[in-house]
Amino acid sequence: MVFNSYTFIIFFAVLLGLHNLPFSWKVKKINLLLASYLFYALWNPPFILLLWLSTVVDFYMARLISLEQRPLRRKLLLTVSLVLNLGMLSYFKYGGFLLENFTALLSPVGIVFQAAKPDIILPVGISFYTFVTLSYTLDVYRRKFAPEPSFLNFALFVTFFPHLVAGPIVRPEDLIPQFKTPRRATAEQLSWGLFLLSLGLFMKVTIADGLLAETADLIFSLPFPVQTLDAWMGVLAFSGQIFCDFAGYSTCAIGVSLCLGFVLPENFRYPYAAIGFSDFWRRWHITLSTWLRDYLYIPLGGNRHGSVRTYVNLMITMLLGGLWHGASWTFVIWGGLHGLFLCIERLWRDWSARRRAKVTELVVEGSLISRASVIPPVAVSNSFTRFGLALLTLFLVNITWVFFRAPTFKGAMLLLLAMFGIIPNGATMLTNLAILTVSIITVALIGCHWFMRNSSLVQLSKRLPWWAISLGWTIMLILVILTQKSSGSFIYFQF
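Residues numbered from 1 in each chain as written. Predicted model: local features only at pLDDT ≥ 70, side-chain atom pairs only at ≥ 80, totals over all residues. Heavy atoms only, no water.

1. Thoughts on the nonpolar core
Phe157, Tyr272 and Trp284 are the most contacted members of the largest nonpolar core, which totals 138 residues. Of all the elements, helix H10 (residues 228–259) adds the most residues to this core, at 17 residues. A domain split of this core shows at least three residues from each of domain 1 (6–184) and domain 2 (191–363 + 381–493). Ignoring any residue separated from it by four or fewer positions in sequence, one finds Tyr272 in contact with Ser239, Ile242, Phe243, Phe280, Trp284, Leu394, Val397, Trp401, Leu445 and His449. (Core = buried A, V, L, I, M, F, W, Y, C linked by side-chain atoms within 4.5 Å. Buried < 20%, exposed > 50% of the residue type's maximum accessible area, 1.4 Å probe, protein only. Helix = DSSP H or I, 4+ residues; strand = E, 2+ residues; numbered from the N terminus. Domains from an automatic or database assignment. Contact = heavy atoms within 4.5 Å.)

2. A word on the environment of Glu345
As for its position among the elements, Glu345 is in helix H14 (residues 329–364). Exposure remark for Glu345: the relative accessible area of 18% places this residue in the buried category. The contact partners of Glu345, leaving out residues within four places of it in the chain, are Gly276, Phe277 and Ser278. In this structure the side chain of Glu345 is engaged in a polar contact, spanning 2.4 Å, whose partner is the side chain of Ser278. (Polar contact = N/O pair within 3.5 Å; in protein donor to acceptor, adjacent residues only side chain to side chain.)

3. So, the layout of surface pockets
As a volume, the largest pocket reaches approximately 1,200 Å³. Lining the largest pocket are 43 residues, with Leu199, Met203, Thr251, Tyr270 and Leu457 sitting closest to its centre. Where the lining of the largest pocket is concerned, the elements lending two or more residues are helix H9 (187–221), H10, helix H17 (432–451), helix H18 (457–463) and helix H19 (466–483). Along the lines of polarity and charge, the residues of the lining of the largest pocket split into 33 nonpolar, eight polar and two charged. (1 Å grid on protein atoms, 1.4 Å probe; cavity = no way out; pocket = protein on both sides within 12 Å on 5 of 7 lines; lining within 4 Å. Points joined across faces, edges and corners; volume = space filled by probe spheres on them. Nonpolar A, V, L, I, M, F, W, Y, C, P; charged D, E, K, R; others polar.)

4. Notes on the domain arrangement of the protein chain
Taken domain by domain, the protein chain holds domain 1 (6–184) and domain 2 (191–363 + 381–493). Each of domain 1 and domain 2 has a C-alpha centre, and the two are 26 Å apart. Counting residues at the interface gives 39 residues for domain 1, matched by 33 residues for domain 2. Note on domain 1 versus domain 2: buried area summed over both sides is about 3,300 Å², and carbon and sulfur give 70% of it. Counting every contact that joins domain 1 to domain 2 gives one salt bridge. Residue Arg171 pairs with Asp294 through a salt bridge whose shortest N-O separation is 2.9 Å. Counting the contacts that link domain 1 with domain 2 gives ten residue pairs in polar contact (both at pLDDT 80 or more). Going through the elements one at a time, helix H1 (6–19), helix H2 (25–41), helix H4 (71–106), helix H5 (126–141), helix H7 (161–164) and helix H8 (172–175) are the ones with two or more residues in the side of domain 1 that touches domain 2. Per-element tally for the side of domain 1 that touches domain 2: the top contributor is H5, with seven residues. (Buried area = accessible area lost by both parts, 1.4 Å probe. Salt bridge = Lys/Arg side-chain N within 4 Å of Asp/Glu carboxyl O.)

Shown next as structure tokens:
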């Protein structure tokens, strides 16, 4: 079931009604759990068994880990949990990819191996709920979080339908404490939750699906080069589409949870106004980037073992982060490019810090050598410079999106060559209307992100009169109804 379907509207209305009836808190939680299983099962019922298996194993493994005092036994129990969760993820998500690459490796040494096509169906949301259960087991192992005694609370933590299939990736401390006491949305939470649900649907249905998807799908599906303007418009269309699609889903999830009285963590913070890649990852898919930081980058050593090791850890984290998104080398390249840009940014920052320290030392000694520098210091506090750096960051992010969206490496390279005019006389594929639409949305998106860079929707709503919010809300709902063509799934469902 997807948020942008009439089935979900009925499902949510019934659930909201049940949640506000005078049942006991335990009955309400059972309602939420059953509704979450129904929400998931409507996609492919057999795969709900995987969800149950992961839930049961991690619940009991965490309890055993917390009771066990011997370090070796604790590690063995943790290993069981990791093997089960990562094993399922590897089989369903990477089985075909590994087999394909194994076959390719045998070919150069003269071994012809033709394996049967595995034909594995990827269970929707497996990457997300695997990370949710892993964070619970790892936190219990680290003694950061005490094991939850209630199986109902734990099962609801794993399965709670707003975050189940595409995040935000919740941690135990985000949600489990909220299930311990009765919760019911206040009038303010309910109205704000419905507003966020409407905003998320507007981003997904009207902008991502209605205005951008067709242009992006056309350009990325072509097996031949297109002219430079069309290539850029296709990439910019996808850049806007994936933000509105994924941020739209997260906004819907947060809004739906709020209507039920629960608070989910923020997942996006105007990423296209980011200044640099470290800033970008503090704004894009925040719950994934913090998960990778806390459970991969820091355990690898983080920045505690010198510069070289720091850069290696950064690259490993981003390469695996790319692979998490999909079983394809194009995703690995996407992650590798982000890792490379993060390393370059860190090198630049370290060099600038050393240079400033040296200049300060010279000035303190009474010298004016700093004025003779070939490269003047970057005045990052200047608004014009900051906006320029944000545009540079967005330009590089768009380069990486080519590998993220292109179905093959060859297709990605073809599009990149067309974007930079290296392949002349490409085909003209887009209409003037399509180019104008993508241009307007791109400018509007950048302007909106820059304007909201240091603010939030809540802060903005407090500054606006009630009638302006009502008018905007009404327009969004009308546009959602007018542009609703089909119940297309969200892009991140495939991850």
